[in-house]
Amino acid sequence: MARNLYILGATLILLSAASCGMALAPPHPGLPSEAPTWKTIGLFLLLGGLAISLLGTLTALFEQVDRRAQLNRMRSRRGQAPPRRGVL
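Heads up: these notes are all about the structure in this document. (Residues numbered from 1 in each chain as written. Predicted model: local features only at pLDDT ≥ 70, side-chain atom pairs only at ≥ 80, totals over all residues. Heavy atoms only, no water.)

**Comments concerning the packing of helix H1 (residues 2-24) against helix H2 (residues 35-78)**
Then, in step 1: Look at H1 against H2: their axes get within 7 Å of each other, and the N-to-C directions meet at 165°. In terms of their interaxial angle, H1 and H2 are classed as roughly antiparallel. Along this stretch, H1 crosses H2, giving a crossing that reads as left-handed.
Then, in step 2: Of the residues assigned to the contact of H1 with H2, the class counts are 19 nonpolar, ten polar and two charged. (Axes fitted to C-alpha atoms, helices over the stretch in contact; angles between N-to-C directions. Helix = DSSP H or I, 4+ residues; strand = E, 2+ residues; numbered from the N terminus. Parallel < 35°, antiparallel > 145°, perpendicular 65-115°, else oblique. Left-handed = near helix turned anticlockwise from the far one by under 90°. Nonpolar A, V, L, I, M, F, W, Y, C, P; charged D, E, K, R; others polar.)

**Focus: the side chain of Ser16**
Then, in step 1: Locating Ser16 in the fold gives a position in helix H1.
Then, in step 2: On the accessibility criterion, Ser16 (5% relative accessible area) is buried.
Then, in step 3: Each residue touching Ser16, except ones within four places of it in the same chain, is listed here: Gly42, Leu45 and Leu46. (Buried < 20%, exposed > 50% of the residue type's maximum accessible area, 1.4 Å probe, protein only. Contact = heavy atoms within 4.5 Å.)

**Some thoughts on H1**
Then, in step 1: Relative to the 33 Å expected for 23 residues at 1.5 Å per residue, H1 spans 33 Å between its end C-alpha atoms, a close match to the ideal helical length.
Then, in step 2: All of the buried residues in H1 are Ala2, Leu5, Gly9, Leu12, Ser16, Ser19 and Ala23.
Then, in step 3: For H1, the elements touching its buried residues are H2. (Expected span 1.5 Å × (residues − 1).)

These figures come from the coordinates and say nothing about function on their own.
So this is what it looks like as structure tokens:
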């Protein structure tokens, strides 16, 4: 799940860079060239990409906590002592 969020966040950040590039490009016939609009779109895409990447990081952290808790439960059922802090 976290990997999918990282990919989505990276895609949004890449599209944000493309939007900002469109704001800096000289106007060409047939292309929309309103720089403030492109900058605003780029800003929202950047903020969305950063928020999605943060969610991916939090998801990875909580998945790791779940895995360790499950491992400790399995060890306690087998009668083994849980590992010390910082040691697996």
